[in-house]
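Chain and residue survey
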Amino acid sequence: MRGAGTDPALGAASAMLNRFHSISTKVLVIFLALMAISTGALTLLGYQSSSGVLEEQASKSMESILVFRGDMLQERLEQLKTQADSIAKIEALQMAVVSMRSGWATVQKNSGDAKAELQRVFVKENPFGEKEKLIKPESPSGFYYSTHEKTQTDIGGYLQGTPFSDVLFIDPAGTVYYSYLKGTAFAETVTGGVWAESGLGAAFTRGAANAEKAVNDMAQTSFSGLRIDTATKEVGIYFGVPVVKFGAFKGIVLFRVKEDVFSQILAKGIAAGSSEQSAIISADGKVLGEQGEKLIGLDPAIYGFHGQALNAAGMTIAKIDRPDGEANAYARPFSFAGEKYLAVESMLRSELNAGSVSIAGTLAVIGLCVLAAMCAATAFFARRLFAPLEKLAGLTGE
């Protein structure tokens, strides 16, 4: 009789004890779940709020950089124009423009093909690796070659210490009848073929148009624009100074700008290891960037916002897809020689968000630590809270 009465009591006590354990566990789980949700929510809010603040700070920083870089580019272009004008006004150089053209006509008359003859002498059969070192060939002789001796020496002196790498003379018909460096354009005609689309061709065409508007033998200096020539893949940035004498257009003196003049400006202020990139976009959509102190052409399709940004009063912000990832682009217009350009800075979103990710990570770690501590504390206090009930259940079982 005793065993039969004891078994139901023990069963009830055991059931009550299990219920207490179940309630204790549920309280602990619910509390931890609420803590985990709170920690996750705080981490997410911390990321979003810090991301907004950091992006706003980045935007203000980029605007300052764009103002600085745009003003620097504009100022540098003005300086280049002034330097080109000053050199072109040297009387000896203007006389050389006329004399070298007469010499070209003499070569054309004697050889029947001045282009082939002069390219043979100064390019194909030039004994120097640096072709500008050939001042006066041993043969043939003639007015062009004797004039070339003085012109080459003088221009070498004019170019020293300047931002220009080459000086070219182009006649009104578009023929390059003199070049200091004797590059690929020497003796070519820039009004047709690939040359018409080049920076040299653009500077000549604009310069010839300016020569027609000359007043008192003074014509406006032309500018090729900031570009890389499609055919040669070389930087083709030129200033052209028309030479007008007694109302007659004699030709144009073209100054080719050294590549590092603009690559240094684009690279200035960018920290090593940063994903920040600088670029210049022309009104026609051509994009000039910098890589390893060299100017490179960038894909215009990436910067599809440029049309709208060119007409904006201030800075434009757009999201773009660079080859290395998603980025924010910041653009601000500036003008030179009647043309608009965009100074552009872009930075990967991963770098822009790095600070927010770091903050969110720190909050998550702190939250996990708090969660672990609360887990231990909750387990401890839950055990103490339900201990009397467990004891009561035990006594009831006895």
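This text gives an overview of the structure that appears in the document. Fair warning: this is a prediction, and the values are worked out from it, not measured in the lab. (Residues numbered from 1 in each chain as written. Predicted model: local features only at pLDDT ≥ 70, side-chain atom pairs only at ≥ 80, totals over all residues. Heavy atoms only, no water.)

Brief notes about the overall build of the protein chain
In terms of helices and strands, the protein chain carries ten helices and eleven strands. Sorting the 398 residues of the protein chain into buried and exposed places 42% on the buried side. For the protein chain, the accessible surface area stands at approximately 20700 Å², while carbon and sulfur atoms represent 58% of it. (Helix = DSSP H or I, 4+ residues; strand = E, 2+ residues; numbered from the N terminus. Buried < 20%, exposed > 50% of the residue type's maximum accessible area, 1.4 Å probe, protein only. Areas by Shrake-Rupley, 256 points an atom, 1.4 Å probe, with all protein chains shown as cover.)

Comments concerning the packing of aromatic side chains
In this structure the tally under the stated criterion is twelve aromatic pairs. Centre to centre, the rings of F169 and Y177 are 6.0 Å apart; their planes meet at 55°, and the pair counts as tilted. Relative accessible area serves as the criterion here: at 1%, Y177 is assigned to the buried category. Where F334 meets Y341, the ring centres are 5.6 Å apart and the plane angle is 25°; that geometry is what we call stacked. One residue, K182, lies across the ring of F122, its end atom 5.2 Å from the ring centre. In this arrangement the basic side chain of K182 is found over the ring face of F186, its NZ or CZ atom lying 5.6 Å from the centre. (Phe/Tyr/Trp six-rings, centres within 6.5 Å; stacked < 30°, edge-to-face > 60°. Lys NZ or Arg CZ within 6 Å of the ring centre and 35° of its normal.)

Section: unusual backbone geometry
When glycine is set aside, most residues are seen to have a negative phi, and most peptide bonds are trans. Here S139 and P140 are connected by a cis peptide whose omega angle stands at 0°. Along the chain, the position of P140 falls in the loop between α3 (114-124) and α4 (143-159). The backbone of K182 shows a phi angle near 60°, a positive value even though the residue is not glycine. With respect to the helices and strands, K182 occurs in the loop between β2 (176-179) and α5 (193-196). A residue is classified by how much of its surface remains accessible, and K182, at 2% relative accessible area, is buried. At D217, a residue that is not glycine, the phi angle is positive and equals roughly 65°. Looking at where D217 falls in the secondary structure, it is placed in the loop between α6 (199-212) and β3 (222-223).

Examining the sheet that holds strand β4 (residues 238-245)
Taken in spatial order, the five strands make up an open sheet running β2-β1-β5-β4-β3, and their pairing is antiparallel. One side of each edge strand has no neighbouring strand; the edge strands of this open sheet are β2 and β3. In terms of strand pairing, strand β1 (residues 164-170) meets strand β5 (residues 248-257) through six bridges, oriented antiparallel. Its bridge partner lying in β5, I170 is registered against I252. (Pairing = 2+ DSSP bridges.)

As for the side chain of S224
For S224, the location among the structural elements is in the loop between β3 and β4. Among the polar contacts made by the side chain of S224, one reaches the main-chain carbonyl oxygen of G236 at a distance of 3.4 Å. One polar contact links the side chain of S224 to the main-chain amide nitrogen of Y238, over a distance of 2.8 Å. The residues touching S224, leaving out its near neighbours within four places in the chain, are G199, A202, A203, R206, G236, I237 and Y238. (Polar contact = N/O pair within 3.5 Å; in protein donor to acceptor, adjacent residues only side chain to side chain. Contact = heavy atoms within 4.5 Å.)

Some details on the pairing of strand β11 (residues 339-348)
Burial within β11 is extensive, with eight of its ten residues counted as buried. Here strand β6 (residues 277-282) runs beside β11; their pairing, made up of six bridges, is antiparallel. Counterpart to Q277 in the pairing with β11 is S346. With ten bridges joining them, strand β10 (residues 325-336) and β11 adopt antiparallel strand pairing. Along β11, the bridge assignment pairs P333 with L342. Taking the residues between adjacent antiparallel strands as the criterion, β10 and β11 are bridged by two residues, where A337 takes a positive phi near 50°.

Purely spatial values, then, with no claim about function.
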